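For reference, the chains in residue letters:
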Amino acid sequence: MAFVSFFEVFLALLCFLFLYCFRNKHGPPMCFPIIGMMPELLLNVHRIYDWHTETLERCHCTFLFKGPWFAKMNAVVTCDPANVHYIMTCNFSNFPKGPEFKQKLDILGDGIFNSDLDLWKNQRTATHGFMRNPQFHKFLLKTTRDKVEKGLIRVLDHVADRGLMVDLEDVFQRFMFDSTCILFVGYDPRCLSVEFPEVRFSKALDEAQEAIFYRHVWPQSFLKLQRLLNIGQEKKYKKAWEVLDDTIATNISRRRKELKEGSVSEVGEDGVDLITSYITEEKSTGLECDDKFLRDTILNMMLAGRDTTSSALTWFMWLVSKHPTVENKIIEELESKIPAEETGKRRLFNADEVKDLVYLRGALCEALRLYPPVPFQHKEPLKPDMLPSGHPVGPNMRILFNLYSMGRMKWIWGEDCSEFKPERWINKQGGVKREPSYKFLSFNAGPRTCLGKGVAFYQMKTVASAIIYNYRIHVSKETPVVPTLSIILHTNNGLKTRISSRWD
Ligand code: HEM
Ligand SMILES: *[C@@H]1O[C@H](CO)[C@@H](O)[C@H](O)[C@H]1NC(C)=O
Ligand SMILES: *[C@@H]1O[C@H](CO)[C@@H](O)[C@H](O)[C@H]1NC(C)=O
């Protein structure tokens, strides 16, 4: 035993020294025969975001990653806005996500996230139609207000009164999970409550995301072996899939039954959820809403809405807690929106009041720039093409955008790129300063731009204003806040905080 561990340590040390001495200090990672750049990837996989950022910085924003022979892992990794613009907009049709992506995310079925071409277009039209509907907008406002009042505030008061430590990321996940469930399946699971109940659906979704990340890192053959032996990440993935299928099926059949019995109305006075809208308008929209279609749509929308927004809120609150001047400016801006006699006491902000908060919006954009909730994007060219950076690409080759690195490149954002500066998003007249989407890629660019950007900003501003105006948050110094390895940029250990009320 002792020999083995000594030998292993020795070997690891040797590899490390070797790589350290011979690593390419000016260009892309060191490339070996047969195994390609795998050694450096494996040494750095635990810190892949920073490793990519350092490498991209050295290689002027684009490098070719070479995987082992026959592993089909070769990829152009880029964070160059010119490449992004070209791929996402100018020559969009040559750059689908590709069949391999669909296969890696097969849990999503034929949903909007992993589909291409006609399948994607149909999904997009349907989702867009639903989200543009004034009934949905009405429903969004009511749902968000209710969740803040009856969920968020109650939980925060509970932990503040008792001086408990709370994981804010978990709170945001629960907030978003309840909200998205209500919006898309019309059912409130009430997981944002002082009991902090375990939620099977959420846990399964987390595990699936992690497994999907590793599907992008390990060679196919290794994954196949895991599947065959039913071990490791692939085993978790399979189990998660069953849980998700099961819970969604319950919701669909419940809704179908309720609609048949007439126990819920088709268009309530508060607006309408997605399943109800799809089922009742099946005839007029021509969409075929069988259970499989609904299942895929719901799962995709749950992923789109829950994780991205809660990740954004988590990094935002963490950054604000480290920057008291920003916090004060947000409070000042909020106070400027309310009548003088209403200041100095507990208050929530409604849709009209959060609409034009330029500074708060800037702070949110900064968090999204430094910690983009979707840190990677993936494309597979149909035909050979040349990128603006001069890199040739072709079929059987992946293109990986690294959004995390994009926010940290000096020549894109300036020397102060790694600082949290909401002022970056405010123009000389004090209005909103917009950046092109191929530079600020957090919501994607071109025809596949995020459909929920407006929804997300509304939800984030409502939650952020409720918390910052009414509470002080003290992030625990013991647990480091670092990004986890997943397809969504969550934190590794949560955001452990103590909370106290501003108004006593
Ligand atoms: C801060 C919050 C959010 C961020 C950062 C974000 C980011 C993104 C990104 C990067 C994509 C492109 C993904 C890809 O193509 O691989 C995307 C797509 C999408 N997002 Fe969001 N999103 C957010 C919130 C939301 C919300 C709340 C909803 C729905 C209510 C939503 C709905 C969608 C949909 C439907 C798509 C698919 C668009 C398409 O492929 O055509 N998003 N989002
Ligand atoms: C776009 O992609 C096609 C291949 O589908 C290629 O032939 C063409 O040169 C590309 N460039 C532009 C600017 O359209
Ligand atoms: C569906 O319903 C169950 C409870 O019946 C709930 O726990 C689950 O999370 C719901 N949501 C979704 C999206 O399936």
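Our subject is the structure listed above.
Throughout what follows, the structure given in this document is the object of discussion. (Residues numbered from 1 in each chain as written. Chains lettered and ligands numbered in written order. Predicted model: local features only at pLDDT ≥ 70, side-chain atom pairs only at ≥ 80, totals over all residues. Heavy atoms only, no water.)

**Let's talk about a nonpolar patch on the surface**
- Taken together, Ile-34, Ile-35, Trp-69 and Phe-70 make up a surface patch of nonpolar side chains, about 530 Å² in accessible area.
- Position of Phe-70 relative to the elements: it lies in the loop between strand S1 (62-65) and strand S2 (75-78). (Patch = residues over 30% accessible without salt bridge, like charges linked within 9 Å, V, L, I, M, F, W, Y side chains within 5 Å. Areas by Shrake-Rupley, 256 points an atom, 1.4 Å probe, with all protein chains shown as cover. Salt bridge = Lys/Arg side-chain N within 4 Å of Asp/Glu carboxyl O. Helix = DSSP H or I, 4+ residues; strand = E, 2+ residues; numbered from the N terminus.)

**Thoughts on the coordination of the iron atom of ligand 1**
- Coordination of the iron atom of ligand 1 by the protein comes from a single atom, Cys-450 (SG), at 2.3 Å.
- One can find Cys-450 in the loop between helix H19 (410-413) and helix H20 (453-470). (Donors = N, O, S within 2.8 Å, 3.2 Å for Na, K, Ca; no water.)

**Some points on the sheet that holds S1**
- Read from one edge of the open sheet, four strands run S1-S2-S7-S4, paired in mixed fashion. Among the strands making up the open sheet, the edge pair consists of S1 and strand S4 (376-379). Averaged over all adjacent pairs, the angle separating strand axes in this sheet is 20 degrees, with direction ignored.
- Bridge analysis of S1 against S2 gives four bridges, and the strand direction is antiparallel. When the bridges of S2 are listed, Thr-62 appears paired with Thr-78.
- On top of the sheet, helix H3 (residues 48-58) reaches S1, S2, S4 and strand S7 (398-402); it is set at about 120 degrees to S1, its chief contact. (Pairing = 2+ DSSP bridges. Axes fitted to C-alpha atoms, helices over the stretch in contact; angles between N-to-C directions. Contact = heavy atoms within 4.5 Å.)

**Remarks on the environment of Phe-113**
- The residue Phe-113 is located in the loop between helix H5 (99-104) and helix H6 (117-132) in this model.
- Overall, Phe-113 belongs to the partly exposed group, its relative accessible area being 31%.
- As a C-alpha pair, Phe-113 and Gly-362 span 249 residues in sequence and 27 Å in three-dimensional space.
- Leaving out residues up to four positions away in the same chain, Phe-113 has contacts with Lys-97, Phe-101, Leu-108, Asn-300, Ala-304 and Arg-448. (Buried < 20%, exposed > 50% of the residue type's maximum accessible area, 1.4 Å probe, protein only.)

**So, the site of ligand 1**
- Taken together, 25 residues form the shell around ligand 1, and within it Lys-97, Trp-120, Arg-124, Arg-448 and Cys-450 come nearest.
- For ligand 1, an oxygen atom lies 2.7 Å from a polar atom in the side chain of Trp-120.
- One nitrogen or oxygen atom from the side chain of Asn-444 is found 3.5 Å from an oxygen atom belonging to ligand 1.
- By residue class, the composition of the shell around ligand 1 is 15 nonpolar, seven polar and three charged. (Near = heavy atom within 4 Å. Polar contact = N/O pair within 3.5 Å; in protein donor to acceptor, adjacent residues only side chain to side chain. Nonpolar A, V, L, I, M, F, W, Y, C, P; charged D, E, K, R; others polar.)

**What to know about the site of ligand 3**
- Close to ligand 3 lie Phe-177, Cys-181, Tyr-187, Phe-201, Thr-247, Ile-248, Asn-251, Arg-254 and Met-302, which account for all nearby residues.
- Between Thr-247 and ligand 3, the recorded distance is 3.5 Å, taken from a backbone N or O atom to an oxygen atom.
- Arg-254 is positioned with one of its side-chain polar atoms (N or O) 3.0 Å from an oxygen atom of ligand 3.
- When ligand 3 is considered free in solution it has 360 Å² of accessible area, and contact with the protein chains removes 83% of it.
- The set of elements that each furnish at least two residues to the shell around ligand 3 consists of helix H8 (168-185) and helix H11 (232-261).
- Here the shell around ligand 3 takes four residues from H11, the largest share from any one element.
- Residue composition of the shell around ligand 3, by class: six nonpolar, two polar and one charged.

**Some thoughts on the packing of aromatic side chains**
- The full count for this structure, using the stated rule, is 21 aromatic pairs.
- Ring-pair connections join several aromatic residues into one group, and the members of that group are Tyr-49, Trp-315, Trp-318, Tyr-371, Phe-376 and Tyr-404.
- Positioned over the ring face of Tyr-404 is Arg-408, at 4.0 Å from the centre of the ring.
- Note that Lys-439 overlies the ring of Trp-413, its terminal NZ or CZ placed 4.5 Å from the centroid. (Phe/Tyr/Trp six-rings, centres within 6.5 Å; stacked < 30°, edge-to-face > 60°. Lys NZ or Arg CZ within 6 Å of the ring centre and 35° of its normal.)

**Section: the side chain of His-378**
- Structurally, His-378 is set in strand S4.
- Judged by relative accessible area, His-378 falls into the buried class, the value being 5%.
- Only 3.4 Å separates the side chain of His-378 from the backbone oxygen of Lys-97, close enough to count as a polar contact.
- Once you skip the residues sitting within four places of it in the chain, His-378 turns out to touch Lys-97, Phe-101, Arg-398, Ile-399 and Leu-400.

**Concerning the packing of helix H17 (residues 358-370) against H20**
- Where H17 meets H20, the closest approach of the two axes is 11 Å, and the angle between their N-to-C directions is 110 degrees. In terms of axis orientation, H17 runs roughly perpendicular to H20. Like other packed secondary-structure pairs, H17 and H20 cross with a definite hand, here right-handed. Between H17 and H20, the contacting residues are Leu-360, Arg-361, Leu-364, Cys-365 and Leu-368 on the first element and Phe-457, Met-460, Lys-461 and Ala-464 on the second. (Parallel < 35°, antiparallel > 145°, perpendicular 65-115°, else oblique. Left-handed = near helix turned anticlockwise from the far one by under 90°.)

**Some thoughts on the nonpolar core**
- Counting 149 residues, the largest nonpolar core has Phe-316 and Ile-330 as the members making the most contacts within it.
- At 15 residues, the largest contribution of residues to this core is made by helix H14 (residues 291-322). (Core = buried A, V, L, I, M, F, W, Y, C linked by side-chain atoms within 4.5 Å.)

**Let's talk about the environment of Val-393**
- Assignment of secondary structure puts Val-393 in strand S6 (residues 392-393).
- With relative accessibility at 5%, the residue Val-393 sits in the buried group.
- Placed 112 residues apart in sequence, Val-393 and Glu-281 show a C-alpha to C-alpha distance of 43 Å.
- Those residues in contact with Val-393 that sit more than four places away from it in its chain are Val-76, Phe-95, Pro-381, Lys-383, Pro-384, Asp-385, Leu-387 and Ile-399.

**A closer look at the pairing of S7**
- With five of five residues buried, S7 lies mostly within the body of the structure.
- Residues Arg-398, Leu-400 and Asn-402 point to one face of S7 and Ile-399 and Phe-401 to the other, with burial holding for every one of them.
- With four bridges connecting them, S2 and S7 associate as parallel partners. Across the sheet, the residue bridging to Ala-75 is Arg-398, located in S7.
- Bridge count between S4 and S7: four bridges; the pairing is antiparallel. When the sheet's bridge partners are listed, Lys-379 is paired in S7 with Ile-399.

**Focus: H17**
- The first and last C-alpha atoms of H17 sit 18 Å apart over 13 residues, in line with the 18 Å expected at 1.5 Å per residue.
- With 13 of 13 residues buried, H17 lies mostly within the body of the structure. (Expected span 1.5 Å × (residues − 1).)

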